[in-house]
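An overview of the molecular structure
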Amino acid sequence: MFIYSVRASTIKFFGVVLLSVAALVALILFIPGYTAPEDKSTFMTGTGITFDNIKNDEDRRSFLAQFGWETKKDTVDEETVTVPDKFSKIYKGYNEIQKTQGLDLEKYKRKEIKRYTYIVTNYPDYDGTVYANLLVYRNKVIGGDISSADIEGFVHGFQNPKPTNK
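Residues numbered from 1 in each chain as written. Predicted model: local features only at pLDDT ≥ 70, side-chain atom pairs only at ≥ 80, totals over all residues. Heavy atoms only, no water.

Below, the discussion takes up helix H3 (residues 89–100). In this model, H3 (twelve residues) spans 17 Å end to end at C-alpha, consistent with the 16 Å of a helix rising 1.5 Å per residue. Those residues of H3 that sit buried are Tyr-94, Asn-95, Ile-97 and Gln-98. Seen end-on, H3 carries its buried residues on one side only, within an arc spanning 150 degrees. Every exposed residue of H3 that faces more than 90 degrees away from the buried side is listed here: Lys-89, Lys-92 and Thr-100. (Helix = DSSP H or I, 4+ residues; strand = E, 2+ residues; numbered from the N terminus. Expected span 1.5 Å × (residues − 1). Buried < 20%, exposed > 50% of the residue type's maximum accessible area, 1.4 Å probe, protein only. Arc of directions from axis to C-beta.)

In structure tokens form, the structure reads like this:
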């Protein structure tokens, strides 16, 4: 003959488990669903700027042209870089620029990416050298900036902070 006994503590344990499962189910059913933000390849609503299919020099220059930038034909620099595992204060600041563009380098930590640098030829109201840097991973622009070569210069996203009056 087989005898099984149940103690009060066992019943309390299963009661707590059952109550927890019921609470979890209620949360899933009654809390509104999370919808993922729009694909970052068109982060500027209504502008149709695309960050994908960047396979060659012409594609990179066309990408910059979407923002109104004209560049010299050849790259100044083309380098493979690794996004660091831990961001320094400077890298965090740079990533903030990327976030204002709808991009984020956080998910590319420890990845090898390509950096392409071009000279911008039509930066308004500035006589010094201006560079456009593109960070590309698997044929997609994941970051970049427009910056001056001067020590006391500027760095900003792809959008021109000083729109030209035409």
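Moving on to the environment of Asp-77. Summarising the element assignment, Asp-77 is placed in strand E1 (residues 77–82). When its relative accessible area of 29% is taken as the criterion, Asp-77 is described as partly exposed. Along the backbone, Asp-77 and Tyr-118 are 41 residues apart, and their C-alpha atoms lie at a distance of 7.3 Å. For Asp-77, the contacting residues outside a window of four places in its chain are Arg-115, Tyr-116 and Thr-117. At 2.8 Å, the side chain of Asp-77 forms a polar contact with the side chain of Arg-115. (Contact = heavy atoms within 4.5 Å. Polar contact = N/O pair within 3.5 Å; in protein donor to acceptor, adjacent residues only side chain to side chain.)

Let's shift gears to the pattern of salt bridges. As enumerated under the stated definition, the model contains six salt bridges in all. For Arg-110, the salt bridge is made with Asp-85, and the minimal N-O distance between the two is 2.6 Å. Remark: Asp-85 occurs in the loop between E1 and H3 and Arg-110 occurs in the loop between H3 and strand E2 (112–120); sequence separation between them is 25 residues. The class of Asp-85 is partly exposed, set by a relative accessible area of 40%. Ionic contacts of the salt-bridge type, sharing partners, join the residues Asp-77, Glu-79 and Arg-115 into one network. (Salt bridge = Lys/Arg side-chain N within 4 Å of Asp/Glu carboxyl O.)

Glancing now at unusual backbone geometry. Positioned with a positive phi, Asp-125 is a non-glycine residue whose angle comes to about 55 degrees. If you trace the backbone, Asp-125 turns up in the loop between E2 and strand E3 (130–137).

Another point: helix H2 (residues 57–65). For H2, every residue scored as buried is listed here: Arg-60, Phe-63 and Leu-64. In an axial view of H2, the angular spread of the buried residues amounts to 95 degrees, which keeps them on one side of the axis. The inward-facing, buried residues of H2 contact E1, E2, E3 and strand E4 (140–148). Put simply, Asn-56 is the residue that caps the front of H2, since its side-chain oxygen is 3.1 Å from the backbone nitrogen of Glu-58.

A few words now on a nonpolar patch on the surface. A cluster of nonpolar residues, Phe-13, Phe-14, Val-17, Val-21, Val-25, Leu-29 and Phe-30, forms a patch on the protein surface that exposes about 760 Å² of accessible area. Within the secondary structure, Val-17 is located in helix H1 (residues 8–30). (Patch = residues over 30% accessible without salt bridge, like charges linked within 9 Å, V, L, I, M, F, W, Y side chains within 5 Å. Areas by Shrake-Rupley, 256 points an atom, 1.4 Å probe, with all protein chains shown as cover.)

What follows concerns the packing of aromatic side chains. To describe a pair of aromatic rings, one takes the distance between the centres and the angle between the planes. This structure, assessed with the given rule, holds eleven aromatic pairs. Judged by centre distance (5.1 Å) and plane angle (85 degrees), the rings of Phe-63 and Phe-158 are edge-to-face. In this pair, Phe-63 is assigned in helix H2 and Phe-158 in the segment after strand E5 (155–156), connecting sequence segments 95 residues apart. For the pair Phe-63 and Phe-158, one class covers both residues: buried. Clustering of aromatic rings is evident, with ring pairs tying together Phe-51, Phe-63, Phe-67 and Phe-158. Over the ring of Tyr-116 we find Arg-60, and its NZ or CZ is 3.6 Å from the ring centre. Sitting over the ring of Phe-87, Lys-109 keeps its end group 4.8 Å from the ring centre. (Phe/Tyr/Trp six-rings, centres within 6.5 Å; stacked < 30°, edge-to-face > 60°. Lys NZ or Arg CZ within 6 Å of the ring centre and 35° of its normal.)

Remember that the coordinates give geometry; whether it matters functionally is a separate question.
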